[in-house]
Amino acid sequence: MINKAINTLVLATVDSLTKFKNKLAYYLAIFAMVFGSTFGSLNYASADDTITGDDTYDATIDAALAVDEDLIIAGEATLTFDSVGIDDSTTGAIIMGDADAHTGTEAVIIDIDSTTALTIDRAINEVAGGGAVATIKIDDDADGAAVDAVTFSGIIGASVAPNALTVGTEGATGGHAIFEAATTFGGITVSGGDALEVSIVDFEAAQAGGITLNHSSSSDATAKVIVSGSTTATIAGAIDGGGTHEGTVQITGTGKTLTGAIGGTNGISTLDIDATTSTLNTVDAEIVDIATGAILTTDDDFTGDAVTLNGTSKIVFQTDAGGAAASTVAGVFNGGDDGEGSIQITNTSLTTITGSIGVTKQIGTLDVDTSSTVVGIVDAAAVLVAEGATLKVDDDYTGTTTTLTTTAVLEFIVDGDGAAATTVTGTIDGAAAEGGDIKTNNAGGTTFAGAIGSSTSIGDVNIDQAATFNSTVSGETMDVAASKVATFKDALTITDDSVLNGQAVFTGTSAYTVNAFLQEGAGSGNIDVTNTSTGGVTFQQIIGHTDAGVDDAIDLFAISNSGSRAVIQGKGNEVDQVDLAEGAILEIDRTVTNGSVVFSNSLATVAADLDDGALIYMPSNLKDGQSLYLLSDVANTTGMATNLAIAIQDNALYTYTPEAVDDATGDDVAGDDDIKVTATARTSTAIASQLSTTTNNAKGLYEASRAAADGVSSDTAAVDAMSDALNGSSGFTTAEGTSLAKQVAPQDD
């Protein structure tokens, strides 16, 4: 039974095979007709998805292309995409050129003349060996309308880069290409099309290959590169304008580094930074706009004709990745609004900024971490100069607040356009006490409008060229170079030595103090007081001494203008020559007591220096019979006592008599070389006559003056008030003496 069944099955099988064999030729003929009818229009050389002539990619080709098969464009061929893309995620690639048949000269072109948005979801490579001249060309076929985007999802040029990418036809049609994966081309040209047709190439990942951006002169349409996406990537291609200042580069993606030059040959029109970016090569753009929150870091020469820093944005000039090469920065930097944006300089070699900072809209912060020079105006809400760094400025400077750290230096140099004067506005302080130095080195002069060291003192005030200080100055040391002039209009406080190789002029119309050890260096140091306030300039320290008390006499102390007033509080001021002009006012303060010398070693002073029209006021706490020495060690005292007898002002309580003697403490010169001034008390009757009051009031005033001055616990405020009233100083008139006498005298019954 089993054997019979098997035999029957075998016979049936043989019969079936015999019938199929007889019909095989028929089946093959039918297949050939169907295949020819369906695919006969394709220029396929074989069934391996190879295109050998010009063709258009359509739905039929797309349906026939397997996901794991390569699409090969061979020979002199152009494959056009217009409305159908390759949308499937594939492992196959597009190969431009035939490895077996290329001649090395044939042009292989992918021409995307899109009528709608397309996606090409395949890797694209030129054939190995580089024989084909492979070009991808992207145009939108609609005139005068925004272009449709073509998105490339695969890697371009991973094995062999296509020769060229062209996006848009200048003045005619635009194009828009988006590359989602890494892209390499031999060269890229992007050209603005007709009106409204901005041509765009958008890289979301790494890119290599030089890029040229052509602005359409006929339609005013531009070309644009966008660097987008969140993938950390390097854009290695150099980007240039087709002509000067053509094209836009916009950075919207994060983690991007541009290593190719931007505008290295022809500057681009606009660099638009919307996300934090680094450029490791030269940059040249007519307009640079940095969005709030974004940071642009650049390490090479930078040109931005108009740079706008918006909100919290920042531009950082850092050390060249190829070494500490000096970088030149040219451009105009402004905040989007006043106080916006930051500039930080960290280049370990010298960075020069040629242009202006904050000239239209003040920037927020100028952060100088390494030595830098600005050739142009500076205006920043805050300027920070780090330890060891020097900031040099050759034009007007505004730092609403400038902070100098320890050894930092802020130097004002000669204007690059000529020796124009520099105006410095804002406060300058140390980060800590006695921190940082300022230096004036502009031959045209430097004027400081704001206070220096008012919050925290600075280190050195180094005046190598003329400088004027309109507000207070507080520092550790000061140095005025030979033949240079430092002019002060407000309080000066120097805790250590102040070396005058040149001249210090104390002027202004408000009273202030000088708390500094003014001394001469190797030059010809001198002091000139031209202040015309009622309180004058008060010198609190000994002139011609170091802070350690060592003598270092200055050449000249002068009050050169009528109505100018100086108040001397120190004893033994070392001055070679004292010069008091007609109308000059010299007030000897209560701190100069009996037996003290006011000006010592005044060898060069002569009678003509002490005009009899000058006004000299003695301290009111000098008692009857007590004296002080106005000058000592004078080489020639002839005529001095005569002039001084007129210049020294008697008051209601005392008369003062000058004479030439030879007994001043520390006298080093033989003969009558000292000018001694002795106080003689007036009688009560004489005092009453002077004040037009009663003898009772006169006695009361005299006794009050003595009570205020006597003892170690003397009432300094009372002495000062008494001096002002009797001498008509500090805004008082001598009539105040009469009022004071009536107030302090015992009341009559």
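What you see is a predicted model, and the numbers here were worked out from it, not measured in a lab. (Residues numbered from 1 in each chain as written. Predicted model: local features only at pLDDT ≥ 70, side-chain atom pairs only at ≥ 80, totals over all residues. Heavy atoms only, no water.)

## Some words on the overall build of the protein chain
Threshold: Working definition: helices are DSSP H or I runs of at least four residues, strands are E runs of at least two. Numbering for both runs from the N terminus. Residue contacts are counted whenever heavy atoms from the two residues lie within 4.5 Å of one another.
A count of helices and strands for the protein chain gives seven helices and 57 strands. A separation threshold of at least 6 residues defines the contact pool for the protein chain, and within that pool the share at least 24 residues apart is 53%.

## Overview of the pattern of salt bridges
To keep things clear, this is the line we draw: Each reported salt bridge corresponds to a side-chain nitrogen of Lys or Arg within 4 Å of a carboxyl oxygen of Asp or Glu. Only protein chains enter the accessibility calculation, which uses a 1.4 Å probe; a residue is then buried when its area is under 20% of its type maximum, exposed when over 50%, and partly exposed in between.
If you walk through the whole model with that rule in mind, you get four salt bridges. Here Lys439 ties to Asp464 by a salt bridge, and the two come within 3.8 Å at their closest N and O atoms. With Lys439 in strand E37 (residues 437-441) and Asp464 in the loop between strand E39 (458-463) and strand E40 (467-469), the pair connects residues that are 25 residues apart, well separated along the chain. Taking the relative accessible area as the measure of exposure, Lys439 reaches 25% and is therefore partly exposed. The shortest N-O distance in the salt bridge between Lys676 and Asp663 comes to 3.9 Å. Pair noted here: Lys676 is in strand E57 (residues 674-681) and Asp663 is in the loop between strand E56 (654-661) and E57, with a separation of 13 residues, a long-range link. Residue class for Lys676 comes out buried when judged on its relative accessible area of 18%.

## Side note on helix H6 (residues 716-727)
Here is the rule we go by: In a helix, the anticipated span is given by 1.5 Å times the number of residues less one.
Here H6 spans 16 Å end to end across twelve residues, near enough to the 16 Å set by a 1.5 Å rise per residue. Within the span of H6, buried status applies to Val719, Met722, Ser723, Asp724, Ala725, Leu726 and Asn727.

## A closer look at the side chain of Thr248
The residue Thr248 is located in strand E19 (residues 248-251) in this model. Judged by relative accessible area, Thr248 falls into the buried class, the value being 13%.

## Regarding unusual backbone geometry
One non-glycine residue, Glu434, adopts positive backbone phi at about 60°. Within the secondary structure, Glu434 is located in the loop between strand E36 (422-430) and E37. Since its relative accessible area comes to 33%, Glu434 is described here as partly exposed. We note that Ser483 has phi near 70°; this positive angle belongs to a residue other than glycine. Within the secondary structure layout, Ser483 lies in the loop between strand E41 (473-480) and strand E42 (485-488). The exposure class of Ser483 is exposed, given its relative accessible area of 65%.

## Digging into helix H3 (residues 640-647)
Our working rule: Here, the arc refers to the directions that run from the helix axis to the C-beta atoms.
Residues Met640, Asn643, Leu644 and Ala647 constitute the buried set of H3. Looking down the long axis of H3, one finds its buried residues gathered within 95° of arc, a one-sided arrangement. In this structure, the buried side of H3 is in contact with strand E53 (615-617), strand E54 (627-631), strand E55 (648-649), E56 and E57.

## Description of the sheet that holds strand E8 (residues 123-126)
Condition: One bridge is not enough; two strands pair if DSSP finds at least two bridges between them.
A sheet is described by the order of its strands in space; here four strands give the open sequence E1-E3-E5-E8, paired in parallel fashion. Each edge of the sheet is formed by a strand with only one pairing partner; in this case those strands are strand E1 (50-51) and E8. Examined bridge by bridge, E1 and strand E3 (residues 71-73) share two bridges and lie parallel to one another. Looking at E3, one finds that Ile51 is bridged to Ile73.

## Quick notes on the nonpolar core
We count it as follows: Throughout this description, the term nonpolar core refers to a set of buried Ala, Val, Leu, Ile, Met, Phe, Trp, Tyr and Cys residues connected via side-chain atoms within 4.5 Å.
Membership of the largest hydrophobic core comes to 155 residues, with the highest contact counts inside it found for Phe152, Phe506, Phe539 and Phe557. If we ignore the near neighbours within four places in the chain, the residues touching Phe557 are Ile527, Val529, Phe539, Ile543, Ala566, Ile568, Val575, Gln577, Val578, Asp579 and Phe599.

## Focus: the pairing of strand E35 (residues 409-413)
For E35, the tally of buried residues reaches five of five residues, placing the bulk of the element in the interior. Taking every second residue as pointing to the same face, both faces of E35 are buried, with Val409, Glu411 and Ile413 on one and Leu410 and Phe412 on the other. Pairing of strand E33 (residues 390-393) with E35 involves four bridges; the strand directions are parallel. Note that in E35 the partner of Lys392 across the bridge is Glu411.

## Focus on the environment of Ala443
Mapped onto the secondary structure, Ala443 falls in the loop between E37 and strand E38 (446-448). Distance from Ala443 to Asp464, taken between C-alpha atoms, is 8.7 Å for residues 21 residues apart in sequence. Setting aside its immediate chain neighbours within four residues, Ala443 contacts Val414 and Gln465.

## Considerations on the environment of Glu582
Within the secondary structure, Glu582 is located in the loop between strand E50 (573-580) and strand E51 (585-588). Look at Glu582 and you get exposed, because its relative accessible area is 57%. Residues Glu582 and Gly563, spaced 19 residues apart in sequence, show a C-alpha to C-alpha distance of 8.7 Å. The residues contacting Glu582, other than those within four sequence positions of it, are Asn561, Ser562, Asp611, Gly613 and Ala614.

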